[in-house]
Amino acid sequence: MTAAMVGWAHLPFGKHTDETVESMIVKAASAAIEDAGIAAEDVDEILLGHFNAGFSAQDFTAALVLQADPQLRFKPATRVENACATGSAAVHQGVRAIASGDAKIVLVVGVEQMTSTPGPEIGKNLLKASYLPEDGDIPAGFAGVFGQIADGYFQRHGDQSDALAKIAAKNHKNGVSNPYAQMRKDLGYEFCRAESEKNPFVAGPLKRTDCSLVSDGAAAMVLTDPATALGMKKAVAFRSMAHVQDFLPMSKRDILKFEGCSKAWGSALGDAGLTLDDLSFVETHDCFTIAELIEYEAMGLTAEGKGAQAILEGWTEMDGKLPVNPSGGLKAKGHPIGATGVSMHVLTAMQLTGTADDIQVKDAELGGIFNMGGAAVANYVSILQAMK
């Protein structure tokens, strides 16, 4: 155990026309500091996860965290970015700062404001997380990238439309009970399965219900070393973590295997001395339903090409053997890029401290997190466990 979360905060995700990147950073940072019961002057280092890629005109944002409290002035602050895994990249950097002894208290914030950007620009911005020489002209932006992945998976392993609709329905059902979720509506399997005016095909076999939401939001946490954490009112420790970076061009790898995801899970579980069966639940990166399906296989829940079994047999439901995305996932909760990884860690900490309220997984003891950037390019896994 190299570090522990001792305070956190999570703003509701959604369309927030009355907020700015700055205002969300300030609210989340201030709330996390208060939740940890520390003074701002105790913070040794600040890390901000903010993807941006054109979503915000203000592109130099690390110092905005200092706006949360005058006592943060002159603290080292760095913006961290790694596409859709930006939030987890910031968290992992914070853990490393603690583990190295360079910092005793670290404040991590993740933020994004996407909804104020015109629709065509949103797609263009998100496509920057792909390999532009190969993918830059794909129709439908990043959805088009995963539409191609879904097409390839269907060709290799058969039509998975039932499984994808089940994943979407599961995550929307879970999201109903999450007060931070952008879409709190149980859409049901039949709606997610059928093409309709309200649920048209977007790219390849992916319909609108297969795609995560464009969102605004922020989340934050306070990290410290395990010894200090034991003296705090609550503490959730990092049992292990792993970061695996794969090739950016999809042409250089078998994109249907998410090999970086598999290696990250193997490393994190091995370092913790655990197996997947030891986990109480997983929060995984369902930017598109096909991603969650392939991640079942990459994490070792099913054999290759058999991911559908996990959802069709109810393994990943809230009452299944390994609940996946009890928060509703990116699909229902929303996906403000820079905030997503921080959100996953915060909601996992809530589960492990028994404070997740209506989305609480019964007897949750160990939580796994998978957050990825691009099409399984930046792969981050964290395994968390409550210390007290």
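Residues numbered from 1 in each chain as written. Predicted model: local features only at pLDDT ≥ 70, side-chain atom pairs only at ≥ 80, totals over all residues. Heavy atoms only, no water.

1. Some remarks on unusual backbone geometry
Now for step 1: Residue Asn52 is not a glycine yet carries a positive backbone phi of 65°.
Now for step 2: If you trace the backbone, Asn52 turns up in the loop between strand 2 (45-49) and strand 3 (77-80).
Now for step 3: Despite not being glycine, Asp357 has its phi angle at roughly 55°, a positive value.
Now for step 4: As for its placement among the helices and strands, Asp357 is situated in the loop between helix 13 (337-352) and strand 10 (366-373). (Helix = DSSP H or I, 4+ residues; strand = E, 2+ residues; numbered from the N terminus.)

2. Concerning the nonpolar core
Now for step 1: Grouped together as the largest cluster of nonpolar side chains are 102 residues, with contacts concentrated most on Met5, Phe146, Ile149, Phe258, Trp265 and Ile290.
Now for step 2: Leave out the neighbours within four places in its chain, and Phe258 touches Phe146, Ala291, Ile294, Glu295, Ala298, Met372 and Ala376.
Now for step 3: In this structure, Ile25, Val43, Met232 and Ala235 belong to the second largest nonpolar core, which totals 32 residues. (Core = buried A, V, L, I, M, F, W, Y, C linked by side-chain atoms within 4.5 Å. Buried < 20%, exposed > 50% of the residue type's maximum accessible area, 1.4 Å probe, protein only. Contact = heavy atoms within 4.5 Å.)

3. Description of the packing of aromatic side chains
Now for step 1: Across all of its chains, the model carries 2 aromatic pairs by this definition.
Now for step 2: Ring centres of Phe146 and Phe288 lie 4.8 Å apart, and the angle between their planes is 25°; on these two criteria the pair is classed as stacked. Note that Phe146 is positioned in helix 5 (residues 141-157) and Phe288 in the loop between strand 9 (281-283) and helix 10 (289-298), a separation of 142 residues in sequence.
Now for step 3: The exposure class of Phe146 is buried, given its relative accessible area of 0%.
Now for step 4: Here the aromatic cluster, defined as three or more aromatic residues joined through ring pairs, consists of Phe142, Phe146 and Phe288.
Now for step 5: Across the ring face of Tyr189, the terminal group of Lys166 is positioned such that the distance to the ring centre comes to 5.0 Å.
Now for step 6: A cation over a ring is seen here: Lys321 above Trp315, with NZ or CZ 3.8 Å from the ring centre. (Phe/Tyr/Trp six-rings, centres within 6.5 Å; stacked < 30°, edge-to-face > 60°. Lys NZ or Arg CZ within 6 Å of the ring centre and 35° of its normal.)

4. What to know about the UniProt feature "domain: Thiolase N-terminal" (unreviewed entry) in the protein
Now for step 1: UniProt feature "domain: Thiolase N-terminal" (unreviewed entry): in the numbering of this structure it lies at residues 9-224.
Now for step 2: The span residues 9-224 shows a helical share of 38% and a strand share of 16%, and its end C-alpha atoms are spaced 16 Å apart. (UniProt positions renumbered as here; feature names shortened; annotations may be inferred.)

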